[in-house]
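Report on the structure
Read off the chains here:
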Amino acid sequence: MKSPAAIAESLGQRLKQARLNRDLTQLEVAEHAGVSRKAVLNAEKGKVQLEVLIAILQALDLTAQLDNFLPPQPPSPIQLAKLQGKKRQRASGQRGKNEGGDDDTQEEPEW
């Protein structure tokens, strides 16, 4: 298993290759991302804050890749079970009441 530092370094190398594939300098990416050139340099070394990484990914038009990187997570079965407990289990009995407070039985019409 790779260390977190090794994974970060590998991601930084991929980021650099994506920039080079687009024929952009670090300064151009930095300007598009609204960060410093040093921030881009650090990102390519695997040392980057999450918001800076996202800004760089946006500048490189790679944000669609984030769903592949970390797909949306559905609720776990335990969370779903807890939510089920919040649903109504029985009726209050108030729906069919008359305005006078009588029960909801109706009188037979006289024919």
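Throughout what follows, the structure given in this document is the object of discussion. This one's a predicted model, so the numbers in the text were calculated from it and none came from an experiment. (Residues numbered from 1 in each chain as written. Predicted model: local features only at pLDDT ≥ 70, side-chain atom pairs only at ≥ 80, totals over all residues. Heavy atoms only, no water.)

**As for helix α3 (residues 37-44)**
Taken residue by residue, α3 has Ala39, Val40, Ala43 and Glu44 as its buried positions. Considered in projection along α3, the buried side chains sweep an arc of 135° and stay on one side of the axis. Buried positions along α3 lie against α1 (4-21), α2 (26-33) and α4 (50-59). Looking one or two residues past α3, Gly46 carries a phi angle of roughly 90°, positive in sign. (Buried < 20%, exposed > 50% of the residue type's maximum accessible area, 1.4 Å probe, protein only. Helix = DSSP H or I, 4+ residues; strand = E, 2+ residues; numbered from the N terminus. Arc of directions from axis to C-beta. Contact = heavy atoms within 4.5 Å.)

**Some thoughts on the environment of Gln26**
Considering the arrangement of structural elements, one finds Gln26 in helix α2. Assessed through its relative accessible area of 14%, Gln26 is described here as buried. Leaving out residues up to four positions away in the same chain, Gln26 has contacts with Arg19, Arg37, Val40, Leu41 and Glu44. Within the local environment of Gln26, its side chain forms a polar contact with the side chain of Arg37, the two groups lying 2.7 Å apart. (Polar contact = N/O pair within 3.5 Å; in protein donor to acceptor, adjacent residues only side chain to side chain.)

**A word on the layout of surface pockets**
Looking at the largest pocket, its volume works out to about 500 Å³. Lining of the largest pocket is provided by 16 residues; of these, Leu11, Leu53, Leu57, Leu66 and Phe69 occupy positions nearest its centre. Contributing elements (two or more residues each) for the lining of the largest pocket: α1, α4 and α5 (66-69). With five residues, the single largest contributor to the lining of the largest pocket is α1. Residues of the lining of the largest pocket, tallied by class, amount to twelve nonpolar, three polar and one charged. (1 Å grid on protein atoms, 1.4 Å probe; cavity = no way out; pocket = protein on both sides within 12 Å on 5 of 7 lines; lining within 4 Å. Points joined across faces, edges and corners; volume = space filled by probe spheres on them. Nonpolar A, V, L, I, M, F, W, Y, C, P; charged D, E, K, R; others polar.)

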